[in-house]
Amino acid sequence: MDNFSHILISVEGPLGMVQLNRPKVLNAISREMVGELVSAFEHFDNCDDVRAIVLYGGGRAFAAGADIDEMANESTIDFELLNQFSDWDRLSKVKKPIIGAVHGFALGGGFELALSCDILFAAEDAKFGFPEVNLGVMPGAGGTQRLTKLIGRTRALEWIWDGEMRTAKEAKELGVVNRLVAPELLVDEAKKYAMKLASKAPLSLRLIKDSVNKAVDYSLYEGMQYERKNFYLLFSSEDQKEGMKAFIEKRKPHFRGR
């Protein structure tokens with residue numbers, strides 16, 4: 001886990017910290033970087049001591065797009081054989097909370113990476129956009145799908161069609177960003193929220209995320225049936241017994257994720 005070339009990782013208490021680390025190219029998202037991100041996220045997802053993951057960018061931007069030099073001469077068959085988006089699919093399977101902290105630019109693949117987070121904090125001067133249309137292509141790592149599910153068809157079409165950047169304030173008003181933060185406080189505020197989540201019951205967090213994600217695609221009835229099964233499942237956990245016992249005894253619970 002220490003041999004990464006494009007990201008930096010560390011553990012701060014119960015938090016797994018992941019920093020994008022290609023500052024000379026504004027953290028342009030390369031295939032190798034995505035592979036490293038998947039490895040880091042899956043490692044933290046399987047680490048009992050880590051309760052939440054914080055993703056942020058080093059340098060002047062979160063991530064100013066995909067690595068165009070890497071793709072410019074590729075063919076349709078090259079992409080099919082590479083199957084590069086399978087790594088992006090693995091990102092969406094991470095069970096633990098992922099808190100994204102965006103500063104500077106989150107464009108193209110960088111915006112898609114931000115949309116892969118569960119909660120987004122953004123610096124007040126951050127900018128978001130999909131400029132792919134200006135290059136004769138379109139988002140390919142989930143941008144059209146995730147943005148549409150978040151903000152609706154017509155607003156997503158407008159944003160992706162015009163290829164223009166929106167401010168962090170606009171992104172928050174549209175429901176893409178959860179909280180706006182002063183740039184100098186961005187990572188600290190994201191860590192503070194992640195620490196709050198880390199004090200909660202890990203299995204509850206896991207199954208809440210699972211149920212909410214299903215709600216995006218399921219009908220109301222199907223979603224409620226799925227939610228109900230996860231609700232029942234938690235009553236087989238040690239944490240449920242501890243949480244309710246602590247409530248009755250008027251003390252703080254000590255959750256173990258079991």
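See the structure shown above.
About the thresholds
- Residues numbered from 1 in each chain as written.
- Predicted model: local features only at pLDDT ≥ 70, side-chain atom pairs only at ≥ 80, totals over all residues.
- Heavy atoms only, no water.
- Buried < 20%, exposed > 50% of the residue type's maximum accessible area, 1.4 Å probe, protein only.
- Helix = DSSP H or I, 4+ residues; strand = E, 2+ residues; numbered from the N terminus.
- Pairing = 2+ DSSP bridges.
- Right-handed = clockwise from strand over helix to strand, strands pointing away.
- Axes fitted to C-alpha atoms, helices over the stretch in contact; angles between N-to-C directions.
- Parallel < 35°, antiparallel > 145°, perpendicular 65-115°, else oblique.
- Left-handed = near helix turned anticlockwise from the far one by under 90°.
- Contact = heavy atoms within 4.5 Å.
- Nonpolar A, V, L, I, M, F, W, Y, C, P; charged D, E, K, R; others polar.

Caption draft 1: Examining the pairing of strand β3 (residues 52-57) more closely. Of all the six residues making up β3, six are buried; the element is thus mostly covered by neighbouring parts of the structure. Neither face of β3 is exposed, since A52, V54 and Y56 on one face and I53, L55 and G57 on the opposite face are all buried. Sheet analysis places strand β2 (residues 15-20) next to β3, joined by six bridges and oriented parallel. Each residue of the ladder has a partner; that of V18, found in β3, is L55. Read as a crossover between parallel neighbours, the route from β2 over helix α1 (residues 31-45) to β3 is right-handed. Of the strand pairs in this sheet, β3 and strand β4 (residues 98-102) are connected by four bridges, and their pairing is parallel. Among the inter-strand pairings, V54 is bridged to a residue of β4, identified as I99.

Caption draft 2: Geometry of the sheet that holds strand β5 (residues 105-107). Pairing is mixed across the open sheet formed by three strands, whose spatial order is β5-β7-β8. Strands with a single pairing partner mark the edges of an open sheet, and in this sheet they are β5 and β8 (166-167). Sheet analysis places strand β7 (residues 127-129) next to β8, joined by two bridges and oriented antiparallel. Looking at β8, one finds that F128 is bridged to R166.

Caption draft 3: Local environment of the packing of helix α6 (residues 143-151) against helix α7 (residues 153-162). In the contact formed by α6 and α7, the axes pass within 7 Å of each other and the chain directions differ by 135°. Looking at the two axes, α6 sits oblique to α7. The two elements α6 and α7 cross, and the hand of that crossing is right-handed. Each of G143, T144, L147, T148 and I151 in α6 lies in contact with α7, whose residues at this interface are R153, R155, A156, W159 and I160. Across the contact of α6 with α7, the residue classes tally to five nonpolar, three polar and two charged.

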